[in-house]
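These are the residues of each chain, in order.
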Amino acid sequence: MRRLLYLLPIVLFAAVAGYFALALSSGRDPQTLPSAMIDKPAPEFALGGLDNGAGLQLDALKGQVVLVNFFASWCEPCRDEHAVLMRLAKDNNVALYGIAYKDKPADTTRFLKQLGDPYRAIGLDETGRTAIDFGVYGVPETYVIDKEGRIRLRHVGPLNQADVTRELLPLMAALAHS
Amino acid sequence: MKFIAAFLLLLSVAAPAFAVEPGERLADPALESRARTLSEQLRCLVCQNESIDESGAPLAHDLRVLLRERIAAGDSDAQAVKFLTDRYGNFLLLKPPVEPATYVLWFGPLGLLVVAAGGALIFLRRRQAMPDAPPLTASERTQLDRLMKEGEGR
C-alpha cells in the first residue's frame, strides 16, 4: 500500500504528460476558436450585390442546406481555397453563397474574373457588420446553414479538399435528408 | 548626468500607447470612460493576447466602435458585453466568468492546495507519532563518551 503511494507522483505525471501529448498530436490549432453561433439561427442580413447581381438575403437561403463563405480579394488564404470552392460548386453542386468582407466591389469583381466565380449569389459586406453578427474573426470563414436557417458548422481558415470530403459534404448530405 | 535627467524627464511625460483612435471616442466623457473600461476587458480575437483597447487590428477597431454604439444607444455594461459574447463566445472575455465549464480553472488551484495541505498534515502527524528512539545502553554510552573526548582532544 505504501509502495503504491510512492508511485502516485509518477502516475500523475504520466496522466498529465499523456493529456498534453494527446492535445499536441491531435493537430488542432489552439488559436482556432469554437463558434458561439453553432445551432443558433443565422443572423439576419440583407446585403447589396455586385453590379449585375441581386445581392444576398438570409430569407432567400432558407429551405435548403447552404454553404456561406466569407472571402475578400485582399485575403491571400482566400485565393488558396478558391480552387476547392470552384470544385464544390461544379462537381458537388453545393449551394455556395459568398459574402465579400470589407472589399471594394471593383476588387471583388476582378478577383472573381481572375479565378472564376463559384457563388450562386454574392453579398457585399463593406462595413463588416454582417461578419461580426456571424462571429467572423478573420477571412476566409465558411458556414453550413441548414434548411431552417440555423448555423450548423463553422470552418475557420481556408478549406482544403480533406476538410470538404471528411467534414463538409457528409454533414450537408445528412442535413439535406433530415 | 544631464543625459539621465533628460531621460527621466522624457519618461515622466510618456503616456501608455493605446490603439483607441480619436475618431472612435464618444463625446460624452462618462460614456467614453465606461466604453474604455469595458474594452480593456475584451479580448481581440485576431491578436489573442491583447485587449481590443490595445489592439491595432481592424476587427478590434470595429468592435470598439460597435461597443460604443451599443453604449451610446443606452445599453448597460452587461448588455453591451453580452451583445458581443453572443457572437464571439466567452473567449472574448479576458477574465473568464465563473460557470460550470470554468470551475476547474477557478477552483482547481484551491483544490490542489487543500489536497497538498491535507497530505502534508497527515505526513507531519505520522512523523510525530513515531516512537522516540530507545535510550542508550551502558556500553553505547561509554562508547559515545570516548568518541566525544577524542573529538575534543583534536
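It should be noted that the structure appears before, not after, this text.
Only a predicted model underlies this, so the values are computations on that prediction, with no experimental measurement involved.

(A) View of the sheet that holds strand 5 (residues 122-125) of chain A. All names here are of chain A. Strand order in the open sheet formed by five strands is 5-4-3-6-7, and the pairing between neighbours is mixed. Two strands lie at the open edges of the sheet, namely strand 5 and strand 7 (151-156), each paired on one side alone. On average, each strand axis in the sheet is tilted by 20° relative to the strand beside it, whichever way the strands run. Bridge count for strand 4 (residues 96-101) against strand 5 is four bridges, and the pairing is parallel. When the bridges of strand 5 are listed, tyrosine 101 appears paired with aspartate 125.

(B) Up close: helix 5 (residues 103-129) of chain B. Taking 1.5 Å as the rise per residue, helix 5 of chain B with 27 residues should run 39 Å; its terminal C-alpha atoms sit 37 Å apart, in good agreement. Along helix 5 of chain B, the sharpest change in direction is near 30° and occurs at proline 109 of chain B.

(C) Region of interest: the environment of methionine 148 of chain B. The topology assignment puts methionine 148 of chain B in helix 6 (residues 138-153). Taking the C-alpha atoms as reference points, methionine 148 of chain B and alanine 117 of chain B, 31 residues apart in sequence, are found 41 Å from one another.

(D) Broad picture of the environment of lysine 95 of chain B. Residues and elements named next belong to chain B. Assignment of secondary structure puts lysine 95 in the loop between helix 4 (77-88) and helix 5. We classify lysine 95 as exposed; it has 8 C-beta atoms within 10 Å. For the pair lysine 95 and glutamine 41, spaced 54 residues apart in sequence, the C-alpha to C-alpha distance is 7.0 Å.

(E) Local environment of the pairing of strand 7 of chain A. Residues and elements named next belong to chain A. For strand 6 (residues 141-145) and strand 7, the ladder comprises five bridges, and the chain directions are antiparallel. Within strand 7, the position partnered with threonine 142 by the bridge is histidine 155. Connecting the antiparallel pair strand 6 and strand 7 is a turn made up of five residues, with glycine 149 showing a positive phi of about 85°.

How each quantity is defined
Residues numbered from 1 in each chain as written. Chains lettered and ligands numbered in written order. Predicted model: local features only at pLDDT ≥ 70, side-chain atom pairs only at ≥ 80, totals over all residues. Pairing = 2+ DSSP bridges. Helix = DSSP H or I, 4+ residues; strand = E, 2+ residues; numbered from the N terminus. Axes fitted to C-alpha atoms, helices over the stretch in contact; angles between N-to-C directions. Expected span 1.5 Å × (residues − 1). Bend = angle between axes of the 7 residues up to and from the residue. Buried ≥ 20, exposed ≤ 12 C-beta atoms within 10 Å, placed from the backbone.

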